[in-house]
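Here's the letter readout for the chains.
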Amino acid sequence: MTSDKSSYQGQGKHAAENGPLPPRGPPAKRNRFTDDNPPERLRHSKLIGSAEQSNIDFKTLHTHIRNYEKDFPSFREPKEIGFFSLNKQHEFQDDRSQLRFYCPPKYEQNEIALDLRKGYHEWIKRDETIKEYIDELVRWIQKHRDKFRIPGQDKDNHRLNTDFVCWRGLLTKLLCTPYENRDGWIIAVTFYKGTYYLCEFDTEAKKHERFNSTPKQQEMSYWGYKFEQYVCSDRPGNEPMTHIPVNTNEAYCTVVRTRLEQHSLVFAGEVDCCDEEGKYVELKTSREVFNERHDRNFKRFKLIKWWAQSFLPNVPTVICGYRDDDGVVRDIVKYKTCDIPNKVKVIIAIFHHF
């Protein structure tokens, strides 16, 4: 990392022009919306495609790491302001019903053998052809407008008093862009009643990758979900129910408010589980690391993303199940999110300064 000051109290200067401020364009079909009927699906089709197609003056955001070798910007400690669940049918529920609880496997460390392939053919997979954009987050906002009201604001005034609304995954991509030269992104922006709503769309490369994935790659995409099932229970003290099919329609999401310099943000992100203290935990799987090259690639391409994903919503712990090439977890390692920058900054410096 360019700085080891990863606490939320970092107070370095970071000019607004260096940040990923989205281009402002005319609201899409704004006349359809009223205060009582805000947009259910906030999209801006004119921001998709080339600048020539959209007639929008696109700004260039330079991503070389040297542009960001500065003090850590002022980033207020994120605070949870809400949550919601998606049930077995992937339907919105305004509750914690899908929150899971971390339950470490009862094995000696050298005896761990969690077969991530088990149950693959019974997998109840969410229909990924149905794009959700930020619908569920907007639905939560509609139900909790009181969370956005400031003192003296009339109840008929539905302004959110928030600069940006989006999913956590989009912010993770922006945060990792200076360190990532393999994956592109497309972000659509709608400006509505004083708030920028950001929504990610698949690039052509991502569509091609998904369409041409091999059976082995499709199976490997299941392994992370199966690991979650092995180490999570539906109630504190209960045992994991590993005999039932994995259902990726289900999800639990936290809604977080924070501030980056002068910009206020509200975003939502899926949470895997919480520990015995009620603190959120991020669960991951990764191939076992056998040599120095594996270690470099792991830190350069994975660990930095894990940090960004967990740092943004203030998730303090990342737990990784290290698997072999047959999809069997042989080791489980716990990382403190605040310690990850020190593990990766040397590797990042080596690869991005030459």
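Residues numbered from 1 in each chain as written. Predicted model: local features only at pLDDT ≥ 70, side-chain atom pairs only at ≥ 80, totals over all residues. Heavy atoms only, no water.

Undergrad: So what's going on with the overall build of the protein chain? Which residues, and what values?
TA: In terms of regular secondary structure, the protein chain is built from 7 helices and 14 strands. Carbon together with sulfur atoms contributes 49% to the accessible area of the protein chain, which is approximately 19,600 Å² in total. (Helix = DSSP H or I, 4+ residues; strand = E, 2+ residues; numbered from the N terminus. Areas by Shrake-Rupley, 256 points an atom, 1.4 Å probe, with all protein chains shown as cover.)

Undergrad: Residues and numbers for helix α2 (residues 135-143), please.
TA: Those residues of α2 that sit buried are Asp-135, Glu-136, Leu-137, Val-138, Trp-140 and Ile-141. Tucked inside the fold, the buried residues of α2 contact β1 (79-86), β2 (92-93), β5 (164-167), β9 (251-260) and β10 (263-270). (Buried < 20%, exposed > 50% of the residue type's maximum accessible area, 1.4 Å probe, protein only. Contact = heavy atoms within 4.5 Å.)

Undergrad: Any details on the pattern of salt bridges? Residues and values, ideally.
TA: Under the definition given, this model contains 19 salt bridges. With a shortest N-O distance of 3.0 Å, Glu-239 and Lys-106 are connected by a salt bridge. Highlighted residues: Glu-239 in the loop between β8 (232-233) and β9 and Lys-106 in the loop between β3 (101-102) and β4 (114-115), separated in sequence by 133 residues. Judged by its relative accessible area of 44%, Glu-239 is partly exposed. A salt bridge links Lys-305 to Asp-183, with the nearest nitrogen and oxygen atoms 3.8 Å apart. (Salt bridge = Lys/Arg side-chain N within 4 Å of Asp/Glu carboxyl O.)

Undergrad: Describe the side chain of Asn-247, listing the residues and the values that go with them.
TA: Here Asn-247 is to be found in the loop between β8 and β9. Among the residues examined, Asn-247 registers a relative accessible area of 13% and is labelled buried. Dropping the residues within four chain positions of it, Asn-247 is found in contact with Lys-88 and Ile-124.

Undergrad: Describe the pairing of strand β7 (residues 195-201), listing the residues and the values that go with them.
TA: For β7, the buried fraction is high: 6 of the 7 residues fall into the buried class. Relative to β7, β5 runs parallel, the two being bridged by 2 bridges. Note that in β7 the partner of Val-165 across the bridge is Tyr-197. As defined by bridge partners, strand β6 (residues 186-192) adjoins β7 across 7 bridges and the pair is classed as antiparallel. The residue of β7 that forms the bridge with Ala-188 is Cys-199. What sits between β6 and β7 in their antiparallel hairpin is a turn of 2 residues, with Lys-193 showing a positive phi close to 50°. (Pairing = 2+ DSSP bridges.)

Undergrad: Summarise the packing of aromatic side chains; cite the residues concerned and give the values.
TA: Any two aromatic rings considered together are summarised by their centre-to-centre distance and by the angle between their planes. Within this structure, the stated rule accounts for 17 aromatic pairs. Ring geometry for Phe-83 and Tyr-252: centres 6.4 Å apart, planes at 25°, overall stacked. With Phe-83 in strand β1 and Tyr-252 in strand β9, this residue pair connects regions lying 169 residues apart in the sequence. The partly exposed category is assigned to Phe-83, whose relative accessible area is 24%. With centroids separated by 5.4 Å and ring planes inclined at 20°, the aromatic side chains of Phe-164 and Tyr-196 adopt a geometry described as stacked. With a gap of 32 residues between them, Phe-164 in strand β5 and Tyr-196 in strand β7 connect regions that are remote in the sequence. Judged by its relative accessible area of 9%, Phe-164 is buried. (Phe/Tyr/Trp six-rings, centres within 6.5 Å; stacked < 30°, edge-to-face > 60°.)

Undergrad: I'd like a rundown of the sheet that holds β2, residues and numbers included.
TA: Taken in spatial order, the 7 strands of this open sheet run β2-β1-β9-β10-β5-β7-β6, and their pairing is mixed. Of all strands in the sheet, those with a lone pairing partner are β2 and β6, marking the two edges. In the packing of α2 onto the sheet, contacts are made with β1, β2, β5, β9 and β10, and the angle to β1 comes to roughly 115°. Against the sheet, helix α3 (residues 168-176) touches β5, β6, β7 and β10, its axis set at about 95° to β5. (Axes fitted to C-alpha atoms, helices over the stretch in contact; angles between N-to-C directions.)

Undergrad: Describe the packing of α3 against helix α6 (residues 292-311), naming the residues involved and giving the relevant values.
TA: Between two packed helices, both the angle of their axes relative to each other and the distance between the axes serve to describe the pair. Across the interface, α3 lies against α6 with an axial gap of 9 Å and an inter-helix angle of 130°. Taken together, the axes of α3 and α6 are oblique relative to one another. In this structure, α3 crosses over α6, and the sense of that crossing is right-handed. In contact with Arg-168, Thr-172, Leu-175 and Cys-176 of α3, α6 contributes Ile-304, Lys-305, Trp-307, Ala-308 and Gln-309. Residue classes in the contact of α3 with α6 are distributed as 5 nonpolar, 2 polar and 2 charged. (Parallel < 35°, antiparallel > 145°, perpendicular 65-115°, else oblique. Left-handed = near helix turned anticlockwise from the far one by under 90°. Nonpolar A, V, L, I, M, F, W, Y, C, P; charged D, E, K, R; others polar.)

Undergrad: Explain the environment of Arg-330 to me, and be specific about the residues and the numbers.
TA: With respect to the element layout, Arg-330 can be found in strand β14 (residues 328-336). Taking relative accessible area as the criterion, Arg-330 reaches 38% and is therefore assigned partly exposed. C-alpha separation for the pair Arg-330 and Glu-111, spaced 219 residues apart in sequence, amounts to 7.4 Å.

Undergrad: Run through the nonpolar core, naming residues and quoting values.
TA: Ranked by size, the top nonpolar core spans 29 residues in total, and within it Leu-170, Leu-171, Leu-198, Phe-267, Trp-306, Tyr-335 and Ile-340 carry the most contacts. Elements with a contribution of two residues or more to this core: β5, α3, β6, β7, β10, α6, β13 (317-323) and α7 (340-352). Broken down by element, this core gets its largest block of residues, 6 residues, from α6. In this structure, Leu-170 is in contact with Ile-187, Leu-198, Cys-199 and Glu-200, ignoring residues within four places of it in sequence. Counting 23 residues, the second-largest nonpolar core is a separate cluster that includes Ile-134, Ile-141, Cys-199 and Ala-268. (Core = buried A, V, L, I, M, F, W, Y, C linked by side-chain atoms within 4.5 Å.)

Undergrad: Now, about the state of the cysteines: what can you tell me, with residues and values included?
TA: This structure, assessed with the given rule, holds 0 disulfides. Free of any disulfide, Cys-166 has its nearest cysteine sulfur in Cys-199, 9.7 Å distant. Judged by relative accessible area, Cys-166 falls into the buried class, the value being 2%. (Disulfide = S-S within 2.5 Å.)

Treat this as a map of the structure, not an account of what it does.
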